[in-house]
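Chains, contacts and geometry: an overview
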Amino acid sequence: METSTEGATRPDTGPAVPAEAGDTVVVAPPAAAPPASLSPSRASDFMQCPLLYRFRVIDRLPEKPSEAATRGTLVHAVLERLFDAPAGDRTVPRAKSLIPGQWDRLRESRPEVAELFADDPEGERLARWLTEAEALVERWFTLEDPSRLEPAERELFVEAELESGLRLRGIIDRVDVAPTGEVRIVDYKTGKAPRPEYAEGALFQMKFYALVVWRLKRVIPRRLQLVYLGSGDVLTYDPVLADLERVERKLLALWEAIRRATESGDWRPRPTKLCGWCDHQAYCPEFGGTPPPYPLPVRAPESGGTEQGRMGPD
């Protein structure tokens, strides 16, 4: 799971409006700016729907928290914190005992998630939701043995700048380094493993991370590993240099398409079955909506432009 570092929330920066003592100080949102970097999540957004990318990165429209995504965040926090304990104490009961405290921390850091259970005065839905999180945590122990793991990094922020000037960034769930120096990149997924025909799309994020690690350390990770807690599957892939070079070419082409859309203001929707889960239907022309006024300068469109958002993940 990637916690995107782009366009997810508006940082509390920008000029404050002067106020008298006791008045509420209003913090103005930061001025819109062209995209400056690319993460796996935002790359996937643009490939899925250019207009969705615009809403999230340019307009920074708010999105409601979902039970599934919030549960994923909670489970990731528990698995990260479990490695604070000595190897012998990394047990199922210990992991489950971390859930209430991590849920409290999550509500403190992101108060909006409390809205998920605002209509649950008796706490029944919340109890079921926490039980589901416990089940995901417990399943992890059937897939990996944390008592035999000593991660080199957890929730590692990585960033690399390519020769083109494109900055790639993201957060890796776990990095394992063998005594021989071989690197394994691990990502936890709280959903189910994809069908084989969609496996390449699932590996896009991992190849993205492998490219960043290679550009930073000149080391090709020995293994990429996706741990699907929802279905109890583990998907692995051993990348080679040609994989990373191919991903880099893909990202450069993707970034060029993003640059053209940013300058022209032409962000086209791409309808798919995923539209039903989109928070921004009220602003989408496919649903009769109108996007907000475009906040960036617009240049005249280039002739011979290609259709946006049709590039696959690999």
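These numbers were taken from a predicted model, which means no experiment stands behind them. (Residues numbered from 1 in each chain as written. Predicted model: local features only at pLDDT ≥ 70, side-chain atom pairs only at ≥ 80, totals over all residues. Heavy atoms only, no water.)

What to know about unusual backbone geometry
Applied cut-off: Note on conventions: DSSP H or I runs of at least 4 residues are helices, E runs of at least 2 residues are strands, and numbering of each starts at the N terminus. Buried means the residue's accessible area, taken with a 1.4 Å probe over protein chains only, is under 20% of the maximum for its type, while exposed means over 50%, and partly exposed covers the values in between.
We note that Arg60 has phi near 55°; this positive angle belongs to a residue other than glycine. Note that Arg60 resides in the loop between helix H2 (50-58) and helix H3 (67-82). You will see that Glu155, though not glycine, has its phi angle at about 50°, which is positive. The partly exposed category is assigned to Glu155, whose relative accessible area is 25%.

Section: the environment of Asp243
As a reminder of what qualifies: Here, residues are in contact when the closest pair of their heavy atoms is within 4.5 Å.
In this structure, Asp243 sits in helix H7 (residues 241-264). Looking at Asp243, the relative accessible area reads 3%, which means it is buried. C-alpha of Asp243 to C-alpha of Ala210: the two residues are 33 residues apart in sequence and 9.4 Å apart in space. With sequence-adjacent residues up to four places away left out, Asp243 is seen in contact with Lys207, Tyr237 and Asp238.

Observations regarding the packing of helix H6 (residues 199-217) against H7
Note the cut-off: Fitted lines through C-alpha atoms give the axes, limited to the stretch in contact for helices. The angle between two N-to-C directions lies from 0 to 180 degrees. The cut-offs work like this: below 35 degrees is roughly parallel, past 145 is roughly antiparallel, 65 to 115 is roughly perpendicular, and the gaps in between are oblique. Three classes are used, and their members are as follows: Ala, Val, Leu, Ile, Met, Phe, Trp, Tyr, Cys and Pro are nonpolar, Asp, Glu, Lys and Arg are charged, and the others, Gly among them, are polar.
Orientation of H6 relative to H7, taken along the N-to-C sense of each, is 100°, at an axis distance of 9 Å. As far as their axial angle goes, H7 and H6 are roughly perpendicular. Along the contact surface, H6 presents Phe204, Lys207, Phe208, Ala210, Leu211, Trp214 and Arg215, while H7 presents Leu241, Asp243, Leu244, Glu245, Val247, Glu248 and Leu251. The residue inventory of the contact of H6 with H7, partitioned by class, reads nine nonpolar, no polar and five charged.

Digging into H6
Applicable threshold: For a helix, the expected span equals 1.5 Å multiplied by the number of residues minus one. What we call the bend at a residue is the angle made by axes fitted to the seven residues finishing there and the seven residues starting there.
Between its terminal C-alpha atoms H6 stretches 27 Å, which fits the 27 Å expected from 19 residues at 1.5 Å a residue. Of all the bends in H6, the greatest, near 35°, is centred on Gln205. In terms of burial, H6 is a largely internal element, 14 of the 19 residues being buried. Looking at the residues trailing H6, positive phi occurs at Arg218, about 55°.

Observations concerning the environment of Lys96
Stated precisely, the cut-off is as follows: We call two N or O atoms a polar contact when they sit within 3.5 Å, provided that within protein one can donate a hydrogen and the other can accept it, with sequence-adjacent residues counted only if both atoms are side-chain atoms.
Within the fold, Lys96 resides in helix H4 (residues 92-109). Each residue touching Lys96, except ones within four places of it in the same chain, is listed here: Glu134 and Glu138. In terms of polar contacts, Lys96 uses its side chain to reach the side chain of Glu138, at 3.0 Å.

Points about the pattern of salt bridges
Applied cut-off: Here, a salt bridge means any Lys or Arg side-chain nitrogen found within 4 Å of an Asp or Glu carboxyl oxygen.
If you walk through the whole model with that rule in mind, you get 32 salt bridges. Here Asp104 ties to Arg107 by a salt bridge, and the two come within 2.4 Å at their closest N and O atoms. With Asp104 and Arg107 both in helix H4, this residue pair falls three residues apart, about one helical turn. Residue classification places Asp104 among the partly exposed residues on the basis of a relative accessible area of 34%. Salt-bridge contacts for Arg246 lead to Asp243; the nearest nitrogen and oxygen are separated by 2.7 Å. Of this pair, Arg246 and Asp243 both sit in helix H7, three residues apart, which is roughly one turn of that helix. One network of salt bridges, with partners in common, ties together Glu256, Arg259, Arg260, Glu263 and Arg299.

Notes on the pairing of strand S2 (residues 153-161)
Every regular strand shows the same layout, with side chains that alternate between the two sheet faces. Short version of the rule: Pairing between strands is defined by DSSP: at least two bridges between them are needed.
With eight bridges connecting them, S2 and strand S3 (residues 167-177) associate as antiparallel partners. Across the sheet, residue Phe157 finds its bridge partner in S3, namely Ile171. From the end of S2 to the start of S3, which pair antiparallel, there are five residues, and Gly165 there has a positive phi angle of about 100°.

Examining the packing of helix H1 (residues 40-48) against H2
H2 packs onto H1 with a crossing angle of 140° between their chain directions and a minimal axis gap of 5 Å. Overall, the two elements H1 and H2 adopt an arrangement that is oblique. When H1 is examined against H2, the residues Arg42, Asp45, Phe46 and Gln48 are found in contact with a partner set consisting of Pro50, Leu52, Tyr53, Arg56 and Val57. Residue classes in the contact of H1 with H2 are distributed as five nonpolar, one polar and three charged.

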